[in-house]
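Now for the letters of each chain:
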Amino acid sequence: MALTDETEKNKPPKLSQKELDDIIDLHEQFLQGARGGERAKLGMTDLSYLDLSGRDMKRADLVGTLLCHCELEGTNFAEANLFACDLRGAVLIRANLDRADIRGACLSGADLTLATLVDCDMRDGVLLRSGEKGDLTPLNSNDATAGMEKAKVRGANMSGAKVSDSVVVQTDLTDCNLKNAKFVRANLSLSNLTGCNLEGTDFTDANLSGAVFHGAVFTGTTLDGADLSGADLIGAMFDNVDFSKVDLSDTKIAKSLESVDISLKDILGAHAMWVKTNGKEGKRAVFSKKDMSNQNLSGVNLSAADFSLANMKGTDLSKSDCLMADFSYCDLRGAVFARADLRGVKLSRANLSGANLVAVDLSDIMISSRAGGGEWRSNLDNAKLRGALLNGSNCRNADFTNCDFTEADLRDADFRGSLLTDAIFTGADLRGTNLDNTDKRGTVGLPKIFEDDDE
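Given the structure is predicted, the values throughout are model-derived calculations rather than measurements.

Caption draft 1: Structural detail: the overall build of the protein chain. When helices and strands are counted, the protein chain shows four helices and eight strands. Order of helices (α) and strands (β) in the protein chain, N terminus to C terminus: α-α-β-β-β-β-β-α-β-β-β-α. Every one of the 455 residues in the protein chain was classed for burial, and the buried ones make up 48%. Partitioning the intrachain contacts of the protein chain with sequence separation of at least 6 by distance along the chain shows that 23% fall at a separation of at least 24.

Listed below in structure tokens is the structure:
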């Protein structure tokens, strides 16, 4: 038999969009318990480039199915069997893959932005077929290697997912919830885990070389035997993590102030002169990637200072002048900013959980015409303010996009004119809070009284 004949013989049947729609219609009737419904059994078929977006494929049989470059946005694959599926380049934005079997599936280049993969099984696996001589050979295409290489998984919920032994190389996992996920022996080299929740995540013997963890939260995370060579842990936050069985000698971590040749007092003095003379004398204070935890900077003029990616846990910045200062990616848990001037500040992706921001000024600031002119708003996009105190604060015209205010004290805070898109307010104290003229699209946890303000 010629090789081309053998290839054609093993080629999965290709379905048309109409044939697929008819099968899904019956499947959705099956899920509803309607008469005539039938569970979708689409294993070993070719559905490449077809559109299943928004359809209910819960508990469907899709073993070994070709779903390359399919439109799957918002599709419900909960508890579905996607073992050894080829999902290369598929669009799975906001798809539901909770408790699905995705073992051995190829998700290379797929877009899983904001998808939910709670308790799904993504471990390695191979689908085999029996040859004419009884030998077993893989059915997967040589190009369809299992794993998530170069996939986009930003903001996805992968809590409890089993990803052990999988390839997740160069994958964008920014802002993913990986709580209690299993990545034992997984290869995540060069992946971006910025802002990830790594509470209880198991990275035993995983390859994390060159991975980026800016703003990631390690709480009870297991790193035994993990390869962290070249990994960037600057701006990461650690609680109850055992480092005794991991080599950190070749990782990038925040350096202590002792490693700087000049004293803190001299740095602040030079910065004060720099501010006073509009940069003509002195020198701007740059504490980027430094460990500034528990320092006392109360009442200090820190306008335009650079604290990006610094560890400032428990630092006292009360009554300080921090106009247009850069605190992006900072660990500011438990920090004190009470009555500080934070106009035009940059707190993008900063972790301010439990911080004291009582009566702070986070409003915008007017820039002189020599510096370009116009208003410069404070930026707190993707910041974590869980349990923070912002009562009596001036938050007018600031950017709080995707901010987490869970259980924060926002009593009498003024947010007029601010961007609150996709912000989370679950359990927040909103008595007396002013949300007039704000963009509240996609917000979570806001009482109905604030929703009615838009009417």
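Right, picking up where we left off after that structure.
Caption draft 2: Quick look at the environment of L62. Looking at where L62 falls in the secondary structure, it is placed in the loop between helix 2 (17–31) and strand 1 (128–130). Note: C-alpha distance between L62 and C85 (23 residues apart in sequence) is 7.1 Å. In this structure L62 touches L42, G43, L47, M57, F77, N81, L82, F83 and C85, once residues within four positions along its chain are discounted.

Caption draft 3: Highlighting the nonpolar core. Of all hydrophobic cores here, the largest spans 66 residues; its most connected members are L92, L112, L117, M158, L193 and F213. Residues contacting F213, with those up to four places away along its chain left out, are L193, L198, L208, F218, L228, A231, D232, L233 and A236. Among the nonpolar cores identified, the runner-up in size contains 53 residues, and V345, A355, A383 and L390 belong to it.

Caption draft 4: Structural context of helix 2. In a regular helix each residue adds 1.5 Å, so 15 residues correspond to 21 Å; helix 2 covers 21 Å between its end C-alpha atoms and thus fits that length. After helix 2 finishes, the residue G33 shows a positive phi value of roughly 75°.

Caption draft 5: Inspection of the packing of aromatic side chains at higher detail. A full pass over the atoms with the stated rule returns 11 aromatic pairs. Plain terms: the ring middles of F400 and F415 are 5.2 Å apart, the flat faces sit at 65° to each other, and that makes the pair edge-to-face. Here F400 is found in the loop between strand 8 (374–376) and helix 4 (448–451), whereas its partner F415 is found in the loop between strand 8 and helix 4, with 15 residues between them in sequence. Looking at F400, the relative accessible area reads 0%, which means it is buried. Looking at F415, the relative accessible area reads 0%, which means it is buried. With centroids separated by 5.0 Å and ring planes inclined at 15°, the aromatic side chains of F405 and F425 adopt a geometry described as stacked. One end of the pair, F405, is in the loop between strand 8 and helix 4; the other, F425, is in the loop between strand 8 and helix 4, and 20 residues separate them in sequence. Each member of the pair, F405 together with F425, is buried. Aromatic rings pair up to connect F213, F218, F238 and F243 into one cluster.

Caption draft 6: View of the side chain of T171. With respect to the secondary-structure elements, T171 resides in the loop between strand 2 (136–138) and strand 3 (217–219). With relative accessibility at 1%, the residue T171 sits in the buried group. Not counting residues within four places of it along the chain, the set of residues in contact with T171 comprises M148, E149, K150, A151, V153, S191 and N192.

Caption draft 7: How the structure looks around the pattern of salt bridges. With the rule as written, the count across this model stands at 23 salt bridges. As a salt-bridge pair, R154 and D172 come within 3.0 Å of each other at their nearest N and O atoms. One end of the pair, R154, is in the loop between strand 2 and strand 3; the other, D172, is in the loop between strand 2 and strand 3, and 18 residues separate them in sequence. What makes R154 partly exposed here is its relative accessible area of 33%. Residue R343 pairs with D361 through a salt bridge whose shortest N-O separation is 4.0 Å.

Caption draft 8: Spotlight on helix 3 (residues 264–276). Here helix 3 is 13 residues long and its end C-alpha atoms lie 18 Å apart, about the 18 Å a rise of 1.5 Å per residue gives. All buried positions along helix 3 are accounted for by I267, L268 and H271. With its buried residues spanning 95° around the axis, helix 3 presents them on a single face. Facing away from the buried side of helix 3 by more than 90 degrees, the exposed set consists of K265 and K276. N278 sits one or two positions beyond helix 3 and adopts a positive phi of about 55°.

Caption draft 9: Quick look at unusual backbone geometry. Within the chain, D205 stands out as a residue other than glycine whose phi angle is a positive 60°. Among the secondary structure elements, D205 is positioned in the loop between strand 2 and strand 3. Assessed through its relative accessible area of 45%, D205 is described here as partly exposed.

Caption draft 10: Region of the structure containing the environment of N402. Within the secondary structure, N402 sits in the loop between strand 8 and helix 4. Its relative accessible area of 36% is what places N402 among the partly exposed residues.

Caption draft 11: Geometry of the state of the cysteines. Enumeration according to the criterion identifies zero disulfides in this entry. For C106, which is in no disulfide, the shortest distance to another cysteine sulfur is to C68 and amounts to 7.6 Å. As a non-bridged cysteine, C322 has C330 as the owner of its nearest cysteine sulfur, 11 Å distant. By relative accessible area, which is 0% here, C322 ends up buried.

Caption draft 12: Looking closely at the environment of R349. Structurally, R349 can be placed in the loop between strand 6 (290–291) and strand 7 (365–367). Using a relative accessible area of 13% as the deciding quantity, one classes R349 as buried. The contacts of R349, once residues within four sequence positions are left out, are R154, T174, D175, T194, Y329, D381, N382 and A383. Side chain to side chain, R349 and D175 meet in a polar contact 2.5 Å long.

Quick notes on the rules
Residues numbered from 1 in each chain as written. Predicted model: local features only at pLDDT ≥ 70, side-chain atom pairs only at ≥ 80, totals over all residues. Heavy atoms only, no water. Helix = DSSP H or I, 4+ residues; strand = E, 2+ residues; numbered from the N terminus. Buried < 20%, exposed > 50% of the residue type's maximum accessible area, 1.4 Å probe, protein only. Contact = heavy atoms within 4.5 Å. Core = buried A, V, L, I, M, F, W, Y, C linked by side-chain atoms within 4.5 Å. Expected span 1.5 Å × (residues − 1). Phe/Tyr/Trp six-rings, centres within 6.5 Å; stacked < 30°, edge-to-face > 60°. Salt bridge = Lys/Arg side-chain N within 4 Å of Asp/Glu carboxyl O. Arc of directions from axis to C-beta. Disulfide = S-S within 2.5 Å. Polar contact = N/O pair within 3.5 Å; in protein donor to acceptor, adjacent residues only side chain to side chain.

Taken by themselves, the reported measurements are silent on function.
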